[in-house]
Structures are given as C-alpha cells and as structure tokens.
Amino acid sequence: MADPGRLALIHEEIDGELDAAGRAELARWLLADPEGHALRDDLRRLCTALDSVPAVEPPEQLRGSILAALPHTYTERRRSWTPGWRYAALIAGVVAAGAVVLQTVRGPGPAQSDVTGTMSAPVPALVDTVQLAGGPVSGRVSLYRESSRLGLKFDLVASSPVDVVVTAGGHSVQVSGLGATEQKVTPPTTVVLAGFPTEVQTVDLAFLMGGRQVGTARLRGSGGR
Amino acid sequence: MSEDADCTLVRRCREGDRRACGELVLRYQKPVYNAALRLLRNPDDARDVAQTAFMKVFEHLADYDPRYKFYSWIYRIAVNEALDTLGSRKSFEEIPDDAADEAAGPDRLLEGEQTTRAIEDALSRIKPELRSVIVLRHFMHLSYQDMSDILQLPEKTVKSRLYDARQLLRSALLQRGTVSHG
C-alpha cells in the first residue's frame, strides 16, 4: 500500500490539481514502483467510471411546482404581500371589472354579476387544499369558508391561461384566464362562490386549456367532514 | 454556469422578477436534482429535496452575499438538505474500512448501465460524508476549493474524505468487476 503522501499525489494528478513539482515527484516514484503505477491506473479507471455516470433529467413538473410555491415564500415576502383574503376584495374587484371572465356553464347558478363578491372580516377558514403536480397545470387550489360563503383561491402555473370549471352542490361556474406563465406574472386569484351552498360535500374542479380538459381535482367541503 | 449571469438573475429575483426566478430554477434544477438523487438514490426524495432547496434559496435570497459564488450557495443548501434527509433514514449498509486490502476482482470491465448501477450501489453503502464528496467531485465536477466552500470544511479534510471514498469505492467495484486491475 502506497504511503498517504504519494497516494495524495495520485489523486491530485487525476483531479488535475497537481502542480509541476508534484507531477515530477509522482513520475519519479511511478517509474520506480510498478505497484504504484497499477494503483494509479486503477484509480484512474474508477474516476473515469464515476465521471461517466450520466446525469438524469429532473421531473418535468419540478420547475413548475417550485414556481407555483414561490408566491407563498420569496415573492410575497420581498413585496410584503399579505397572502390570502385581505386581497380578496381587490382581486374580486378586478374579477368584477372583467379581468377574469366568469361564465355560468350549468345548474341553477346565480347571475354572472352575483358570482363574485368581496370577503372581508371575519377571517375565512381554510377548508381544504389540493396540490397540483405532474400535469400541464401545477400549483394549488384552496377552499375557504367565511360565514355563509365559500371561496376558492387559485395559485396556478401553466404554459398558457387556464379555465377552471367549478362544480359543487348542483351549481357550476367557469373561471377563465387563470395561472401565471413565464410571460405573465399573476398573484393568486380569489373567487367567491356566491350562490353556492356552504355545506357541500365536495367541490370538483375541471381544468381546461384551449378548451380541452387537461385535469381534474376534488376538494372536500365542510359538509363532507 | 456564468457567475455574472447568476448575479444578474439573483438581483432581478430580489426585485420580485418572477421570470428571473424561473430562469434560476432552469439553470440549477438539473445539478441540484442530480446531487440529491445520487446522495439519496430515491427519485421522490430527490425531487422533494430539490424543491425544498429552491424554496430555501428564494426565501433567503436577501441574505445571499454576492461576493461568493451563487452555485456554491445553492449546492450547499441542496447537499445539506439531502444529508438531513439521509440522516433521518440511518439505513445504509456500510462498506468496511478494511475492504480495500481484500479486494481482488476479475479482470473485466462492466460497461454502461451495469457500471452505473454498480457505482450507485457502492455509493449508497459508504458514509454520507464520503458520498457527498464523490457527488460534488465526480457528478458535479467541482474543484477542491469549491467543495471546501460548499461543505464548509478545510480543503485538507475534503481531500482526505475524497481519497478515502475512492478507496472504498475502488475495493467495492473491484469485487464486482466494475473496474479492472491494470
């Protein structure tokens, strides 16, 4: 077995971190010591084998899931955003102004003008959250309840705008134009499910991109617990 | 990775530019995920570690000192996160330290996927602190100095661990015929 000093010279040479004096010393030793030479060859082969292990592509949804989680960590803190319902009124106002188009698609839902509203105090309670990953839409959707109303908070990331059909308690509504993309930065969007019963068993979500359904998710309502 | 480009992206991220955050993830998700995967040998755990590491990076971006290399910082976070996960498992089968003297394998060289599997197997059986130096050196191709910065250890300790790790891997792989005697 080579002494530690000489062994270190071999390792440093393989790693390209040996200076000229070290290389000369190593060469002299290896000329005089066939075992040392064989050891260096072994270690070289090992390092070549280690270096040749191919890198693996990360899961496709990794980047999307990281970006989807961003508004809840870095971005919100840097901008001193207050997450959640304090902005519900503002967002709902934007919704009502037409930035997000709501369209009743079936069921005895309320008139479009009644679908959204503000949710101020008391503070809404989180009922359920669903994480989305592994598909073209990632992020999360949370269901809240505030006294006699339900609300959904969408925090989605996708390659193009997402429409979501929300169905619960015999009512349906479509929320259009959701999701942050690389080209468009959007904060989480909150929608009040005005006219929906509050004691629903489940809230079903169907995610559409370009008019085609790309995924579904289900949230448990407070009536389902 | 260009350090200037990293600095620009970090600055833009700090200003709340979400697109820059996305570019940082794109630049580093592969090495971070691979480091975690080689340390943990479990794709699900590696994905979780990578996600947590990025979350910590963005959460503490205001604390990052741009005088230092960004990749050293993010790799340190990722490696520490992976080692924490590994520490919670405590279930690796260690290669005995004296195995190097007993090694005597056949004169043949396994190739391709067999070699990769044999390396992964041998790697999973050495101590995490030795595994981490192999990952940084051979899978992330970092210098002794960078490894020292990332692991926050003296360079001498890094080298000592690297040499010990190689000796253990060599003996394990010789026994399996993955690297041949010369």
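Residues numbered from 1 in each chain as written. Chains lettered and ligands numbered in written order. Predicted model: local features only at pLDDT ≥ 70, side-chain atom pairs only at ≥ 80, totals over all residues.

1. Quick look at the packing of helix α1 (residues 4-14) of chain A against helix α3 (residues 34-51) of chain A
Residue and element names in this part refer to chain A. It is the contact of α1 with α3, at a shortest axis distance of 10 Å, that shows an interaxial angle of 40°. Between α1 and α3, the angle falls in the class oblique. Between α1 and α3 lies a crossing whose hand is right-handed. Facing R6, I10, H11 and I14 of α1, the residues of α3 in contact are G36, L39, R40, L43, R44 and C47. Across the contact of α1 with α3, the residue classes tally to five nonpolar, two polar and three charged. (Axes fitted to C-alpha atoms, helices over the stretch in contact; angles between N-to-C directions. Helix = DSSP H or I, 4+ residues; strand = E, 2+ residues; numbered from the N terminus. Parallel < 35°, antiparallel > 145°, perpendicular 65-115°, else oblique. Left-handed = near helix turned anticlockwise from the far one by under 90°. Contact = placed C-beta atoms within 7 Å. Nonpolar A, V, L, I, M, F, W, Y, C, P; charged D, E, K, R; others polar.)

2. Considering the confidence of the model for chain B
When pLDDT is averaged across chain B, the result is 84; 82% of the residues are at 70 or more. We note a pTM of 0.59 for the whole complex and an ipTM of 0.82 for its interfaces. (pLDDT = per-residue confidence, 0-100.)

3. Topic: the pairing of strand β3 (residues 137-146) of chain A
Along a regular strand, successive side chains alternate from one face of the sheet to the other. Residues and elements named next belong to chain A. Of all 10 residues that make up β3, nine are buried, and the element is covered over most of its length. Relative to β3, strand β2 (residues 125-132) runs antiparallel, the two sharing seven bridges. What sits directly across from A125, in β3, is R145. Hairpin connection from β2 to β3: four residues lie between these consecutive antiparallel strands, with G134 at a positive phi of about 85°. In terms of strand pairing, β3 meets strand β4 (residues 149-158) through 10 bridges, oriented antiparallel. Following the sheet pairing, S138 is matched in β4 by V157. Here β3 folds back onto β4, and the loop between the two strands holds two residues, one of which, S147, carries a positive phi near 45°. (Buried ≥ 20, exposed ≤ 12 C-beta atoms within 10 Å, placed from the backbone. Pairing = 2+ DSSP bridges.)

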